[in-house]
Amino acid sequence: SMSQNDATEAEPQTSKKCFGVIKQYLLVHCVFAVAATLVSAGIVNINVSTLERRFSLDSAQSAFIVISYDISFCFVTVVLTYFGATANRPRLVGIGSAIFGVGALVYSLPHFLSPIYQYGDNLPSGINNVFSAATKIVANFHVAVTCGAKNETFCGTEQHETGLSNFMYVLLFGQLLQGCGSTPLYTLGLAYIEDNVSKNSAPIYLGIANSATILGPMIGFVSGGLLLDMYVDIDKVSRDSVGITPSDPRWVGAWWVAPVAVACLCWLLVIPFFLFPKEIPGFVRANRIQSAPPKTQQFPCRRRLRLIDQDAGIKEKLRNFHTALFTLLRNPTFILLTLGGCSQLLVINGVSAFIAKVIENEFNVTASRSALLAGVVLVPAGVMGHLVGGFTVNRFKWDTPSIIKFCAAMAFVVSALSPGAILHCDPVQTTGLFVPYRDSKNGSDDTSGSLAIRLDSSCNSNCSCSQEYYAPVCGADGMTYYSGCHAGCSERDENMTFTDCQCLPSSLINSTGRTASPGSCETQCGKLPIYLFIAFLMIFFTFVSTTPALVVTLRIVPQSLKSFGLGIQWLFLRALGAIPGPFVYGGFIDSTCILWEVNECDGSLGSCWVYDSTGMAVRFMAI
């Protein structure tokens, strides 16, 4: 074998050619990483509340859609990294890119297979004023009769959408395919990079590769937020015929556009991936000797372990599988580092899945704005964290124990900042939910401070209002009402302003009039910038340790088990961290729901209309 000096002399001769090829691979790798995470960690997460409204899903169902990506990753990663470690890894990543493209296209299929979105209306149908074209479309779907008459809801298949929640399985299947397609990227692709760069350069290259996985969500949050301002059926109906705006809680944006575009990009990336060699001759051999563990470092079962090479048959690899697995599981540093990553990823996946929804509900902003804020402010913190972590390890040339101590220190800083997550704004004062009706016999005397969840009152008792559709209006008295019907409004003029609203104070008759405008009343709250700043710091210090932890993992496993080691580590990270994360957060968020959508035909619950922002903030901080 070559000595250390021989390896050092051989490196300059191959470095130019090697770095040229590896930089080209790094570029294509990063493009795929951006495309994949743009959908899986960006678009999918900001679409949570949108898909809940569009297909009548609750938070638990939407969380299951999110984590199905990680479930398929777990099933594929062990087999792929063990048997694919000696194959042409760039080509396997290319095949994964093709599969991911198919998954992204399947994820968007529900839009093309489902009927045109019907957002409902909660006005008395006896209004004699002229309705807009959009209102006429709505009236064909849901009709509420005038005050004093019996409310009639049509539950026929042509009048009431049913079975939309079944599209959850199509979304689920698309996520499963995306998980399978991205598995080679995070395991074989990173190992291929590490094998073809020097030990000192590895943290920088891995930091850049990891940064791409954060840049993708940033682009996803920003572009997804802009797309959510476009109406979901923009390809089927005219925008002028839509009678609601993005500020309306019933609004559903164009959630399906980005996955279609990403699918096309992933299919194009297959070509360059197939052009890269299996390995770069000369430099790989030198790098293996350079990064070989010192003689004092012992690996359990090392003597009984045969190197995994391209000449080994399937039967021989199967015989060595348990030995390779126990080699990793009996390495205490590997296990403890993996368990630490599990707790970290549980929070990362849970927060990334619901952070836009939390901002939307805790700070009373639209879904598109919350997505933009999450993308523009929070995601760059992750990119900076990855880069700073990689450059820090490279700058100080730390040994493995020093890197682990650095990771622990960063985790402590994040924990110290976590109480900042309790910041939130007061909820919109909706009459019947947070405050009682002024003329309500029971509500006016309620001094207990508890939530007054009672939408009916003497002022709207003859209106037969429906709870199925949440269409808040802002009254001239500065209070928000569940809908124009619940405000007792009997008319609406050409400007879409509700008039003659019986639930508003009679003192307004001679001033502004008893009117109401569509949408919730605006609230003044200056806590959002502080919240985003604290969240920025937490995410930054979280991701600062990610690349150093990856460097440690690749240093503490045998050379022949690098890909397999990453696969086993990702298996635990997904199974114990990424998968339960959205379920934990989704379950806690659902527990703060104050008012659910109620289907008038069968009484089933749909998505949540209103949350308790205080309870949501407390639970978010506690996790």
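Residues numbered from 1 in each chain as written. Predicted model: local features only at pLDDT ≥ 70, side-chain atom pairs only at ≥ 80, totals over all residues. Heavy atoms only, no water.

## Here's the deal with the side chain of asparagine 45
Positionally, asparagine 45 belongs in helix H1 (residues 4-46). Note on asparagine 45: relative accessible area 5%, which makes it buried. Once residues within four sequence positions are removed from consideration, asparagine 45 is found in contact with Ser40, Val66, Phe221, Ser352 and Ala353. (Helix = DSSP H or I, 4+ residues; strand = E, 2+ residues; numbered from the N terminus. Buried < 20%, exposed > 50% of the residue type's maximum accessible area, 1.4 Å probe, protein only. Contact = heavy atoms within 4.5 Å.)

## Details of unusual backbone geometry
For serine 56, which is not glycine, the phi dihedral falls at a positive 55°. Along the chain, serine 56 turns up in the loop between helix H2 (48-55) and helix H3 (59-83). Unlike most non-glycine residues, asparagine 364 shows phi in positive territory, near 55°.

## Notes on the packing of H3 against helix H6 (residues 168-195)
As a packed pair, H3 and H6 sit with axes 7 Å apart at the nearest point and diverge in direction by 40°. Of the possible angle classes, the one that applies to H3 and H6 is oblique. Every pair of crossing elements has a handedness; the one defined by H3 and H6 is right-handed. Grouping the amino acids of the contact of H3 with H6 by side-chain chemistry returns 15 nonpolar, eleven polar and no charged. (Axes fitted to C-alpha atoms, helices over the stretch in contact; angles between N-to-C directions. Parallel < 35°, antiparallel > 145°, perpendicular 65-115°, else oblique. Left-handed = near helix turned anticlockwise from the far one by under 90°. Nonpolar A, V, L, I, M, F, W, Y, C, P; charged D, E, K, R; others polar.)

## What about the pairing of strand E8 (residues 605-611)?
Burial runs high along E8: six of the seven residues are buried. Pairing between strand E7 (residues 593-598) and E8: four bridges, direction antiparallel. In the sheet register, leucine 595 faces E8, and the bridge partner there is valine 610. Following E7, the chain reverses through six residues before pairing antiparallel with E8; glycine 603 in that reversal takes a positive phi of roughly 75°. (Pairing = 2+ DSSP bridges.)

## Side note on helix H12 (residues 367-396)
Since the α-helix turns once every 3.6 residues, residues separated by three or four places project in the same direction. With 30 residues, H12 should cover 44 Å at 1.5 Å per step; its first-to-last C-alpha distance of 43 Å lies within 8% of that length. Largest kink in H12: about 30°, centred on leucine 378, with the proline proline 380 one to four residues after it. Of the residues that open H12, the one with a side-chain oxygen 3.2 Å from the backbone nitrogen of arginine 369 is threonine 366. (Expected span 1.5 Å × (residues − 1). Bend = angle between axes of the 7 residues up to and from the residue. Polar contact = N/O pair within 3.5 Å; in protein donor to acceptor, adjacent residues only side chain to side chain.)

## Structural notes on the pairing of strand E4 (residues 489-492)
In terms of strand pairing, E4 meets strand E5 (residues 498-501) through three bridges, oriented antiparallel. Looking at E5, one finds that cysteine 489 is bridged to cysteine 501. In sequence, E4 turns back onto E5 through a hairpin of five residues, with methionine 496 there showing a positive phi of about 65°.

## Re the packing of H3 against helix H17 (residues 580-590)
One can describe the packing of H3 onto H17 by two numbers: an axis separation of 9 Å at closest approach and a directional angle of 165°. Looking at the two axes, H3 sits roughly antiparallel to H17. As H3 runs across H17, the sense of the crossing is right-handed. Mapping the contact onto sequence places Ser59, Ala60, Ala63, Phe64, Val66 and Ile67 in H3 and Pro582, Phe583, Gly586, Ile589 and Asp590 in H17.

## Overview of helix H14 (residues 528-544)
An ideal rise of 1.5 Å per residue puts 24 Å on 17 residues; H14 measures up with 24 Å between its terminal C-alpha atoms. Those residues of H14 not exposed but buried are Leu528, Tyr531, Leu532, Ile534, Ala535, Met538, Phe540, Thr542, Phe543 and Val544. If you follow the buried residues of H14, they end up packed against helix H7 (202-227), helix H11 (332-362), H12, helix H13 (400-417), helix H15 (546-555) and helix H18 (613-622).

## So, the pattern of salt bridges
Under the definition given, this model contains six salt bridges. We note a salt bridge from glutamate 52 to lysine 357, for which the minimum N-O separation is 3.0 Å. Highlighted residues: glutamate 52 in helix H2 and lysine 357 in helix H11, separated in sequence by 305 residues. Note that arginine 574 is salt-bridged to aspartate 70, the shortest N-O span being 2.3 Å. Separated by 504 residues along the polypeptide, arginine 574 in helix H16 (residues 562-578) and aspartate 70 in helix H3 bring together distant segments of the chain. Arginine 574 sits in the buried class, given a relative accessible area of 7%. (Salt bridge = Lys/Arg side-chain N within 4 Å of Asp/Glu carboxyl O.)

## What about the confidence of the model for the chain?
Averaged over all residues, the pLDDT of the chain equals 80, while 82% of them reach at least 70. In the model, residues 288-310 has pLDDT below 50 throughout and makes 43 contacts with residues more than four positions away in sequence or in other chains. (pLDDT = per-residue confidence, 0-100.)

## A closer look at the environment of phenylalanine 32
Locating phenylalanine 32 in the fold gives a position in helix H1. Distance from phenylalanine 32 to glycine 94, taken between C-alpha atoms, is 9.1 Å for residues 62 residues apart in sequence. Excluding residues that lie within four positions of it along the chain, phenylalanine 32 makes contacts with Val93, Gly96, Ser97, Phe100, Gly181, Leu185, Cys266, Leu269 and Phe273.

## Let's talk about the nonpolar core
Residues Phe32, Trp255 and Ile359 are the most contacted members of the largest nonpolar core, which totals 117 residues. When residues of this core are assigned to their parent elements, the largest contribution, 15 residues, is made by H1. Two domains each provide a minimum of three residues to this core, namely domain 1 (22-117 + 165-283) and domain 2 (325-424 + 528-622). (Core = buried A, V, L, I, M, F, W, Y, C linked by side-chain atoms within 4.5 Å. Domains from an automatic or database assignment.)

## A word on the state of the cysteines
What we call a disulfide is simply a covalent bond connecting the sulfur atoms of a pair of cysteines. Here the structure, examined in full by the defined rule, presents six disulfides. One disulfide in the model links cysteine 465 with cysteine 485; its S-S distance is 2.0 Å. Negative torsions about the S-S bond denote left-handed disulfides, and the value of about -90° found for cysteine 465 with cysteine 485 makes this one left-handed. Taken together, the residues cysteine 465 in the loop between strand E1 (430-431) and strand E2 (473-475) and cysteine 485 in the loop between strand E3 (480-481) and E4 connect sequence positions 20 residues apart. Looking at cysteine 485, the relative accessible area reads 1%, which means it is buried. For cysteine 489, the disulfide goes to cysteine 501, at an S-S distance of 1.9 Å. Of note, the bridge from cysteine 489 to cysteine 501 carries an S-S torsion of about 100° and is right-handed in sense. Highlighted residues: cysteine 489 in strand E4 and cysteine 501 in strand E5, separated in sequence by twelve residues. You can call cysteine 489 buried: its relative accessible area is 0%. Taking relative accessible area as the criterion, cysteine 501 reaches 0% and is therefore assigned buried. Between cysteine 264, a cysteine without a disulfide, and cysteine 266, which holds the nearest cysteine sulfur, the sulfur-to-sulfur distance is 9.4 Å. (Disulfide = S-S within 2.5 Å.)

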